[in-house]
Amino acid sequence: MGALQAMVLSFFLLYACTTIAQVEQWKSATATYSKETDASFITEGACGYGDLHKISYGKYSAGLSTMLFNRGSTCGGCFELRCVDHILWCLQGSPSVILTATDFCPPNFGLPTDYGGWCNFPQEHFQMSQTAFSEIAELHADIVPVQYRRVKCHRNGGIRFTVSGNPHYYQVLITNVGLDGEVVAVKVKGSRTGWMPMARNWGQIWQCSINLEGQPLSFEVTTSGGKTLISYNVASAKWRFGQTFEGKQF
């Protein structure tokens, strides 16, 4: 084998190993679902998103147990789930579904982990919507064994910034984040300020104590994978609290 052929083969093997390493391995967990009549599942939540239909996550979302929720830093992340190892409950072929982390599944230490205490620490559990659950398992199942893995989030349109607060307490809810989905750092810039880091309030709501009224707003968003994206002048100087603005996308 010539030197050039050996070099090409080495490059190919390195690329193949890197690609395989980027595909996260399947891990074991459990899953249940909330009935569609439970409106709170799609209108509230510990990530601060509010009505999930309005921000495009809809019914393909999930509440995560303490082990997976990670104090809210997992909000916005995407998971692929499939039902496994149960011939009665799992759909044939073990089809998978992609979910966005939008809520926290609280523990119930008064019940055993196999009956009602599914989200007790250190269980890894997904509380799904009825629609999403029906794509991987029979609805008459109480709880099913699943495998999950983190996947990249594919979103339509740009990252969305919903501003709230008052002239002295500024907040922004960040949604529709592609790629890793999880936001770990945010900075905001007005036309009369430099870049100012924001602190996580809860879920994906970020805050800072400064008056930004009357200034065009730019945002810098960093995901859990270390990627950073800047959206300049997302909001004009005439922005108002309660409005949502769209920036760039990863």
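The residue numbering used here restarts from 1 in each chain and proceeds along that chain's sequence as written. Local features in this predicted model are restricted to residues whose pLDDT is 70 or higher, and side-chain atom pairs enter the listing and the counts only when it is 80 or higher, whereas totals over whole chains, interfaces and linings include all residues. Hydrogen atoms and water are omitted, and side-chain values are computed over all heavy atoms in the structure.

(A) Structural detail: the packing of aromatic side chains. Planes of paired rings set the category: under 30 degrees apart is stacked, over 60 is edge-to-face and the rest tilted, where pairs are Phe, Tyr or Trp rings (Trp by its six-membered ring) whose centres lie within 6.5 Å. Applying the stated criterion across every chain, the model contains ten aromatic pairs. Arranged with centres 5.4 Å apart and planes meeting at 70°, the rings of F79 and F126 form a pair that is edge-to-face. On the criterion of sequence distance, the pair formed by F79 in strand 3 (residues 78–83) and F126 in strand 5 (residues 125–129) is long-range, its members being 47 residues apart. Only protein chains enter the calculation, and the probe is 1.4 Å; a residue is then buried if its accessible area is under 20% of its type maximum, exposed if over 50%, and partly exposed in between. For F126, a relative accessible area of 0% translates into the label buried. Members of the aromatic cluster, each reached through a chain of ring pairs, are F79, F126 and Y148. Only lysine NZ and arginine CZ atoms are considered, and such an atom sits over a ring when it is within 6 Å of the ring centre and within 35 degrees of the ring normal. Stacked on the ring of F79, the Lys or Arg R150 has its end atom at 4.9 Å from the ring centre. The helix count covers DSSP runs of H or I at least four residues long, the strand count covers runs of E at least two residues long, and both are numbered beginning at the N terminus.

(B) Broad picture of the environment of N233. Counting through the fold element by element, N233 comes out in strand 13 (residues 228–235). N233 gets classed as exposed once you look at its relative accessible area, which sits at 54%. Spatially, the C-alpha atom of N233 lies 4.7 Å from that of S218, the residues being 15 residues apart in sequence. When checking whether two residues touch, look at their non-hydrogen atoms; a contact exists if any pair is within 4.5 Å. Non-local contacts of N233, meaning those with residues more than four positions away in its chain, are made with P216, L217 and S218.

(C) Quick look at the side chain of S61. Looking at the secondary structure, you find S61 in strand 2 (residues 61–64). Residue classification places S61 among the buried positions, given a relative accessible area of 0%.

(D) Examining the pairing of strand 8 (residues 169–175) more closely. Where burial is concerned, most of strand 8 is hidden: six out of the seven residues are buried. Strands were regarded as paired on the criterion that DSSP finds at least two bridges between them. One ladder, built from seven bridges, connects strand 7 (residues 160–166) with strand 8; its direction is antiparallel. Opposite F161, over in strand 8, you have I174 as the bridge partner. Connecting strand 7 to the antiparallel partner strand 8 that follows it, the hairpin turn spans two residues. Summarising the sheet, strand 8 and strand 11 (residues 205–208) pair through four bridges and their orientation is antiparallel. Bridge pairing in strand 11 links Y170 to C208.

(E) Summary view of the state of the cysteines. Any two cysteine sulfur atoms within 2.5 Å of one another count as a disulfide. All told, the structure shown has four disulfides when counted by the stated rule. A sulfur-sulfur separation of 1.9 Å characterises the disulfide bridge that pairs C105 with C119. Residues C105 and C119 are joined through a disulfide that is right-handed, its torsion about the S-S bond being 90°. Of this pair, C105 sits in the loop between strand 4 (96–104) and strand 5 while C119 sits in the loop between strand 4 and strand 5, and the two are 14 residues apart along the sequence. Like C105, the residue C119 is buried in the burial classification. Look at the chain and number its bonded cysteines as they come in the sequence; the links are 1-2, 3-8, 4-5, 6-7.

(F) Quick peek at the side chain of S218. Here S218 is to be found in strand 12 (residues 217–223). Any N or O atom pair separated by 3.5 Å or less is treated as a polar contact, with the protein-specific requirement of one donor-capable and one acceptor-capable atom, and with residues adjacent in sequence counted only for side-chain atom pairs. Of note is the side chain of S218, whose polar atom sits 2.8 Å from the backbone nitrogen of N233. Once residues within four sequence positions are removed from consideration, S218 is found in contact with K187, V188, K189, W195, S231, Y232 and N233.

(G) Expanded view of the sheet that holds strand 8. One open sheet accounts for eight strands, arranged 13-12-9-10-11-8-7-14; its pairing is antiparallel. What marks the edges here is a single partner per strand, and that holds for strand 13 and strand 14 (244–246). Adjacent strand axes in the sheet meet at a mean angle of 30° when their direction is disregarded. Relative to strand 10 (residues 196–202), strand 9 (residues 183–189) is paired through three bridges, and the arrangement is antiparallel. Across the sheet, the residue bridging to V188 is M196, located in strand 10. Here the axes come from fitting lines to C-alpha atoms, over the contacting stretch only for helices, and the angles between their N-to-C directions go from 0 to 180 degrees.

(H) The arrangement of unusual backbone geometry in detail. Cis geometry marks the peptide bond from F121 to P122; its omega dihedral reads 5°. Within the element layout of this structure, P122 appears in the loop between strand 4 and strand 5. Positive phi is not limited to glycine here, since S94 has a value of about 50°. Mapped onto the fold, S94 is located in the loop between strand 3 and strand 4. Residue S94 is classed as partly exposed on the basis of its relative accessible area, which comes to 30%.

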